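What follows is the residue order along each chain.
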Amino acid sequence: MFNDIGALELVTIVVLGILVFGPDKLPKVIQDVTGFIRKVRAFSDSAKQDIRSELGPDFKDFEFEDLNPKTFIRKQLTENEDLKEIRTSFDLRKELSDVSDAVKSSEAGAAPTSSATPAASATPAVTGPDLLKKPAAPAPDVRARFDADAT
């Protein structure tokens with residue numbers, strides 16, 4: 001509960017407690033607070049046990065921490081056998097190298113060479129739109145029709 005409290009924060013809390021409650025009442029206040037925390041934990045544990053018993057044997061491995069979305073997603077991703085198989089079969093470096101090889105080969109096929117050989121011209125050209133080239137602007141006299149009544 002208080003895992004992230006440092007020494008300076010703890011000293012500050014003690015000094016504020018002494019100033020607010022006084023040195024005489026501070027031990028009694030600390031006892032009351034710790035007793036309250038124990039009661040809340042006991043109530044929480046008994047409520048969890050009641051819920052688990054009411055859910056029945058179908059939910060024997062149910063954990064309340066799974067209700068946190070991060071924990072639920074993490075658990076589903078790590079325990080699902082199909083996802084483990086996909087994750088182990090997928091090699092990101094291989095996929096990236098395949099994509100970069102394909103891009104390089106399409107760039108090499110599209111680049112004109114000064115020494116054209118018959119073997120180079122015999123290879124099939126890559127067809128499709130050139131994604132690196134900007135589209136040409138339409139001619140100024142060819143415009144799309146605009147109908148003010150239709151809009």
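Here, the structure is the one placed above.
Engineer: Run through the overall build of the protein, naming residues and quoting values.
Structural biologist: A count of helical and extended segments in the protein gives five helices and zero strands. Start at the N end of the protein and walk to the C end: the helices and strands fall as α-α-α-α-α. Residues counted as buried form 4% of the 151 residues belonging to the protein. Summed over all atoms, the accessible surface of the protein reaches about 14300 Å², with 62% contributed by carbon and sulfur.

Engineer: I'd love a proper account of the packing of helix α2 (residues 69-79) against helix α3 (residues 81-89), names of residues and values included.
Structural biologist: Here α2 crosses α3 at 70°, and the two axes come no closer than 5 Å. Comparing the axis directions of α2 and α3 gives the class roughly perpendicular. When α2 is examined against α3, the residues Q76, L77, T78 and E79 are found in contact with a partner set consisting of E81, L83, K84 and R87. Grouping the constituent residues of the contact of α2 with α3 by class yields two nonpolar, two polar and four charged.

Engineer: An account of a nonpolar patch on the surface is needed here, citing residue identities and associated values.
Structural biologist: Taken together, the side chains of V11, V15, L16, L19, V20 and F21 make up a nonpolar region of the molecular surface, amounting to roughly 590 Å² of accessible area. Residue placement: L19 occurs in helix α1 (residues 7-55). Among the residues examined, L19 registers a relative accessible area of 66% and is labelled exposed.

Analysis parameters
- Residues numbered from 1 in each chain as written.
- Predicted model: local features only at pLDDT ≥ 70, side-chain atom pairs only at ≥ 80, totals over all residues.
- Heavy atoms only, no water.
- Helix = DSSP H or I, 4+ residues; strand = E, 2+ residues; numbered from the N terminus.
- Buried < 20%, exposed > 50% of the residue type's maximum accessible area, 1.4 Å probe, protein only.
- Areas by Shrake-Rupley, 256 points an atom, 1.4 Å probe, with all protein chains shown as cover.
- Axes fitted to C-alpha atoms, helices over the stretch in contact; angles between N-to-C directions.
- Parallel < 35°, antiparallel > 145°, perpendicular 65-115°, else oblique.
- Contact = heavy atoms within 4.5 Å.
- Nonpolar A, V, L, I, M, F, W, Y, C, P; charged D, E, K, R; others polar.
- Patch = residues over 30% accessible without salt bridge, like charges linked within 9 Å, V, L, I, M, F, W, Y side chains within 5 Å.
- Salt bridge = Lys/Arg side-chain N within 4 Å of Asp/Glu carboxyl O.

Keep in mind these values describe shape, not function.
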